[in-house]
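Observations on chain architecture
Listed here are the chains, written in short residue letters.
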Amino acid sequence: MTITLRCAAVCAATLLVVAADDVGARGGGRGGGGRVAGARVGGGFARGGAAAGGSFGQGQVSGGVQGGAYNGRGPAASGRFPGRSGGGYAAAGAGDWQAERQERVEERREHYQQNADTRQERRDGAGEDWQDYGTARREDWQDYAEDHYEDHVDDVDHPYAAAVAVAAGAAAVATVAAPPPYWTVPCTPETIVVGGTTYYRCDSAWYVRVYSDGDVSYAMTNPPAGY
Amino acid sequence: MRHARQAVLVAAVLLATIVPARGDDGAGARVQAMASLLAKAQRLSVTIDCAYDVLQDSGEKIEFGERRVVVLRRPDRARVDVTRRDGARRGVVFDGKDLAVFDLDQKVYATVSKPGTVDAAFDYFVNDLNMRLPLRELLKSDLPTVLKDVVGTARLVASERLGDVATDHIALRGATADMQLWIPRDGDPLPKRIVITYRLAGGQPRFEADLGPWNLAPDVPDSLFTFTPAAGAERIPVLAPRRGKAR
């Protein structure tokens, strides 16, 4: 055996010992990682942590208890697999989307408030023509719908109008800038069935049910014919 | 000096052949075996009990859940029936031509034409229509490819028992979420439990699923995939986000 090979054998043996020590220090191997209540040990998985105690917690939350129904939608509801890049849940994008949806809620509220104000002004005006108002309101809806929705996919004979289908031409699928924000209608609505479609009316606002974001929700629409 | 350098080089070569790479505990191979089996299955059915956290505006993290009964007949038939914990029943059916989604309690349904494979139809359902289909990746025929980016991160946590089943508990890390799998040590490597933690999302919510029993040879007649609206159900449209366009 040459000097080189002898040296190599010694070096390898030394490094093997070091490697074995390292494995031992990491708790290595199956089931070796971590102490129950301690910090993470080397490369193993820690078993301690806030949730491991299973405590009910103490004290009372400040700010009281939230009323109303709990939201059932969020990133974990998707159950999407993680990915190294792309795929999975994109936190930033979802945050933007949520913000956009909230913004649209505010836009619509303002839109309706403007409509309500306009109507009140028209009622107050002695010589106003209600027919003109009705036409203007419908045109307002048309503009609003065309600004926010567009048609897509197949042309199916379905009687939706205005926000959902003025532009969509009664499609099975309509694409929108963001899903409608209404998981419930903002009142106890009057329900009217016209042509097989159920309309929900809250004051001057009309809604129909749609699938959006994985669930049944409500989208604004024009009043049905005759209303 | 020259001899010393040669010695270190030879030692390194010896070590490379003797000491397995750190983290090479077989977890990746277990995940790949699972993915390969699922991807090749021509038929399968499984019941999935799901639970997921939703962070409320108040900061509370609330858990919701549902049972999903999944039936797949490749390449172009699938059905998922869902019963939420609050009793609401809904589902989705694909017959090779149309996707039908229905809600039995709200008495509504929607149908969308999407001829082709289950893979393409469910991609469209989730990515374009923005509909919800948890663990839909498990049904993809390219599942090994879906997991290739994260399979290298697979590590064996421990050998654990879930009920009376001995499993390998495996952890994987993704760019935005972490996943844990429990794969039985004996028999087919079909996942018994999956936990996904969306660690970049507020509150780091978790999706959990207990899966089983699995059946890779279920009786799946065509009629199972034929959608018939419930009596009195109303057809409604699907609204999908308009992607890639300015408002």
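Within each chain, residue numbers correspond to sequence positions counted from 1 in written order. Just so you know, chain letters begin at A and ligand numbers begin at 1, following the order they were written in. Totals for whole chains, interfaces and linings use every residue, but because this is a predicted model, local features are given only for residues with pLDDT of at least 70 and side-chain atom pairs only at 80 or more, for both listing and counting. Water and hydrogen atoms were dropped before computing side-chain values, which therefore reflect all heavy atoms in the structure.

Our focus in this paragraph is the overall build of chain B. Helix and strand definitions here come from DSSP, where helices need a minimum of 4 consecutive H or I residues and strands a minimum of 2 consecutive E residues; each element is numbered from the N-terminal end. Scanning chain B for helices and strands turns up four helices and 13 strands. Per-residue accessibility, obtained with a 1.4 Å probe over protein chains only, is compared with the maximum for each type, and a residue is labelled buried under 20%, exposed over 50%, and partly exposed between these values. The burial tally for chain B puts 49% of its 247 residues in the buried class. Partitioning the intrachain contacts of chain B with sequence separation of at least 6 by distance along the chain shows that 46% fall at a separation of at least 24. Areas reported here follow the Shrake-Rupley algorithm with a probe of radius 1.4 Å; residue values treat only the protein chains shown as occluding. Of the accessible surface of chain B, which amounts to about 11300 Å², a share of 51% is contributed by carbon and sulfur atoms. Residue contacts are defined here by distance: any two heavy atoms, one from each residue, within 4.5 Å place the two residues in contact.

Counting its secondary structure elements, chain A contains four helices and six strands. When the helices and strands of chain A are listed from N to C terminus, the series reads α-α-α-β-α-β-β-β-β-β. Sorting the 227 residues of chain A into buried and exposed places 36% on the buried side. Taking the contacts inside chain A whose residues are at least 6 apart along the sequence as the reference set, 47% of them involve residues at least 24 apart. Looking at chain A as shown, the accessible area adds up to about 12400 Å², and 52% of this sits on carbon and sulfur atoms.

Aromatic rings from Phe, Tyr and Trp, taking only the six-membered ring of Trp, are treated as a pair when their centres fall within 6.5 Å; an angle between ring planes under 30 degrees marks them as stacked, one over 60 as edge-to-face, and anything in between as tilted. Inspection of every chain in the model, using the stated rule, returns seven aromatic pairs over all chains. When the ring of A:Tyr200 is compared with that of A:Tyr218, the centres are 5.3 Å apart and the planes differ by 90 degrees; the resulting orientation is edge-to-face. Linking A:Tyr200 in strand β4 (residues 197-202) with A:Tyr218 in strand β6 (residues 215-221), this pair joins segments that are 18 residues apart in sequence. The class for A:Tyr200 is buried, based on a relative accessible area of 9%. You can call A:Tyr218 buried: its relative accessible area is 13%. With a centroid separation of 6.4 Å and 45 degrees between ring planes, the pair formed by B:Phe122 and B:Phe125 is classed as tilted.

Residue and element names in this part refer to chain B. Pairing between strands is defined by DSSP: at least two bridges between the two strands are required. Ordered in space as β7-β8-β9-β10-β11-β1-β2-β3-β4-β5-β6-β12, the twelve strands form an open sheet in which the pairing is mixed. Both edges of this open sheet fall to β7 (155-162) and β12 (234-235), since each of them pairs with a single strand only. Note: strand β1 (residues 43-55) against strand β2 (residues 61-73), 13 bridges, orientation antiparallel. When the bridges of β2 are listed, Asp53 appears paired with Glu63.

Residues and elements named next belong to chain B. When we look at burial in helix α4 (residues 143-151), the residues that qualify are Leu143, Leu147, Val150 and Val151. Down the axis of α4, the sector holding all buried residues measures 90 degrees, keeping them to one side. Where α4 is buried, its residues meet α2 (27-40), β8 (165-173) and β9 (178-184). Directions drawn from the helix axis to the C-beta atoms are what define this arc.

All names here are of chain B. Along β1, ten of the 13 residues are buried, which leaves the element largely enclosed by surrounding structure. In this antiparallel pair of consecutive strands, β1 and β2, the connection spans five residues, and Gly59 shows a positive phi of 100 degrees. Here seven bridges tie β1 to strand β11 (residues 206-215), and the two strands are oriented antiparallel to one another. Looking across to β11, one finds that Ile48 is bridged to Leu211.

A separate point is the side chain of B:Asp103. Within the secondary structure layout, B:Asp103 lies in strand β5 (residues 98-103). B:Asp103 sits in the buried class, given a relative accessible area of 3%. Once you skip the residues sitting within four places of it in the chain, B:Asp103 turns out to touch A:Tyr211, A:Val216, B:Arg89, B:Arg90 and B:Val108.

Further remarks concern the state of the cysteines. Where two cysteines share a covalent bond between their sulfur atoms, that bond is called a disulfide. Residue and element names in this part refer to chain A. Two cysteine sulfurs form a disulfide in these notes if their separation is within 2.5 Å. One pass over the full model with this rule turns up one disulfide over all chains. Each disulfide pairs two cysteine sulfurs, and for Cys187 the partner residue is Cys202, the sulfurs being separated by 1.8 Å. Taking the torsion about the sulfur-sulfur bond, which here is approximately -90 degrees, the covalent link between Cys187 and Cys202 counts as left-handed. Remark: Cys202 occurs in strand β4 and Cys187 occurs in the loop between β2 (173-176) and β3 (190-194); sequence separation between them is 15 residues. When its relative accessible area of 31% is taken as the criterion, Cys187 is described as partly exposed.

Residue and element names in this part refer to chain B. Where β2 lies against strand β3 (residues 77-84), eight bridges are found, and the strand directions are antiparallel. Among the inter-strand pairings, Val69 is bridged to a residue of β3, identified as Asp81. Where β2 folds back onto β3 in an antiparallel hairpin, the turn is made up of three residues.

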